[in-house]
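Structural features, examined
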Amino acid sequence: MKRRHLTCLSLAALPLVMAACNKDDDNMPPATSTPTITIENVLDSKPLVESGTFKNEGASPLVMPGESVSFQFSAAKGQTVTFATMYGWSNDLFFAPANPGIKVYEDNGTPIEGDVSAQIKLWDNGTRINQVPGASVAHPGTAETAPQNITEVKGTDAQGNTYAAASSLMKVTLHYEGNSKFTLTITNTSGSTTNPTPFSPGVWAISYIAGGNLLNTAPLYEAGKPTANGLTNIAEMGDNTELGAYIAGQTGIFTPLSPVLVVVYNGIDNPIYKTGEKDRGQGLKELAQQGDASGLAAYLKTVQGVKEVYVLPAAGSNVLLPKIGAQAGSSVSQQLNVAAGDRLAIATMYGLSNDWFFASKDNGVDATQKGDISSSIGLYDNGTAINQFPGAGITQFNLAGTPLEESQNIEAVPNPNAFTTLPEIPNIIKVTLN
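The following refers to the structure shown. (Residues numbered from 1 in each chain as written. Predicted model: local features only at pLDDT ≥ 70, side-chain atom pairs only at ≥ 80, totals over all residues. Heavy atoms only, no water.)

1. Thoughts on unusual backbone geometry
Cis peptide bonds are those with omega within 30 degrees of zero, and the linkage from histidine 139 to proline 140 qualifies with 5°. Relative to the assigned elements, proline 140 resides in the loop between strand 9 (120-124) and strand 10 (151-152). Phi is positive for asparagine 229, close to 65°, though the residue is something other than glycine. Counting through the fold element by element, asparagine 229 comes out in the loop between strand 15 (213-214) and helix 3 (231-237). We note that asparagine 318 has phi near 70°; this positive angle belongs to a residue other than glycine. Mapped onto the elements, asparagine 318 comes out in the loop between strand 17 (306-312) and strand 18 (331-335). (Helix = DSSP H or I, 4+ residues; strand = E, 2+ residues; numbered from the N terminus.)

So this is what it looks like as structure tokens:
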């Protein structure tokens, strides 16, 4: 009887013992883990920011004496525009500016306008023996026994034929349209010279500039080297198809990413930004316009609910460079301390923009999850600077410009946008938690 009483007492006390254990568990801190976040610039970058083809839009694609053709492009200080078009009544001569192309801004950033014809040269493609220039030239003509390097025609060609100066045969003018956009017009002025000739359809290109240097200083040809990439088809036949396709393949997106802001937080919304609101004046503007996360990081460290804040620069260069040819893109990593319920968000500037930034969508991600979380990243317009063509804007901070202020809500950048079509975001920035 006594044993049964003790048994009953033990069973009756069990809920109290369990309750005590549960109460002790409630006071224990949540288990922590130490995942590593890695952010990579995985963009397969291209050297040309813009390129295209041109032709006369009239009954014939040729630009005859007295006729003109135009194309528009955007550019930042230090960038140049180049083009190539056939001297039609020749065997394999073409017009083009000397590399790296026509300068479009003065050193102080003033747009260059007016006649820039003095920068145009006449070139021999080196693949055909030159005849006396004129309407009777046979195409394609006699091939060189051994193709020659591209050389400038300075009054006479290798066969002794004479030519008026390129600047008298072709007039080239620049007009600034505003907001980094130019119109270049080519006018055929050869009709009043000793060398009347049509101009063929042509190609044009603008190289990216990074660190003050053009990524491709000779996108169409190189003097003293053999012709390549379809230029022969322009020089011999006035056919811009092959070279146009080649430069289109060299044209696309190039951008570094700024040092990456990483935030771990709990019990609050994403503390970096919110779409539909204006910039809060807490440092995101400086990140989005200049790639400087230091002010925002300092502010976030004072916010209740924020547990950890990091700014991760790439080794050597600070910025995360994209893939360039065979060179892999940059990456940064950081070990974190996280617990159940923690959230994670990042932000980094689209470096060659006015105020675009990559950031975690909505309220970030569960900081304890593992794997590739690149799909959680979006691209946003901070709304504090007027946008220009990414990588070709005179007021872009990382192209030595001063942003033109505006005050708009933060919104996702559409794709395609008003300037270009971007790769999918996971093909630009990769974020993993392991």
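Moving on from the model shown.
2. Focus on the nonpolar core
By size, the foremost hydrophobic cluster in this structure holds 75 residues, and its most contacted members are Ile39, Phe73, Phe83, Leu184, Ile186, Val262 and Leu344. Discounting residues that sit within four places of it in the chain, phenylalanine 73 has contacts with Glu50, Val81, Val104, Leu174, Ser180, Lys181, Phe182, Leu184, Trp204 and Ile206. Within the second largest apolar cluster, 21 residues are counted, among which are Tyr273, Leu284, Ala293 and Leu296. (Core = buried A, V, L, I, M, F, W, Y, C linked by side-chain atoms within 4.5 Å. Buried < 20%, exposed > 50% of the residue type's maximum accessible area, 1.4 Å probe, protein only. Contact = heavy atoms within 4.5 Å.)

3. Overview of the pattern of salt bridges
Where charged atoms from two side chains of opposite charge approach closely, those side chains can pair. Taken as a whole, this structure holds six salt bridges when the rule is applied. Residue glutamate 277 pairs with arginine 280 through a salt bridge whose shortest N-O separation is 3.4 Å. A relative accessible area of 37% places arginine 280 in the partly exposed class. Residues lysine 285 and glutamate 405 are paired through a salt bridge, measuring 3.2 Å at the closest nitrogen-oxygen approach. With lysine 285 in helix 5 (residues 284-290) and glutamate 405 in the loop between strand 24 (377-381) and strand 25 (411-412), the pair connects residues that are 120 residues apart, well separated along the chain. (Salt bridge = Lys/Arg side-chain N within 4 Å of Asp/Glu carboxyl O.)

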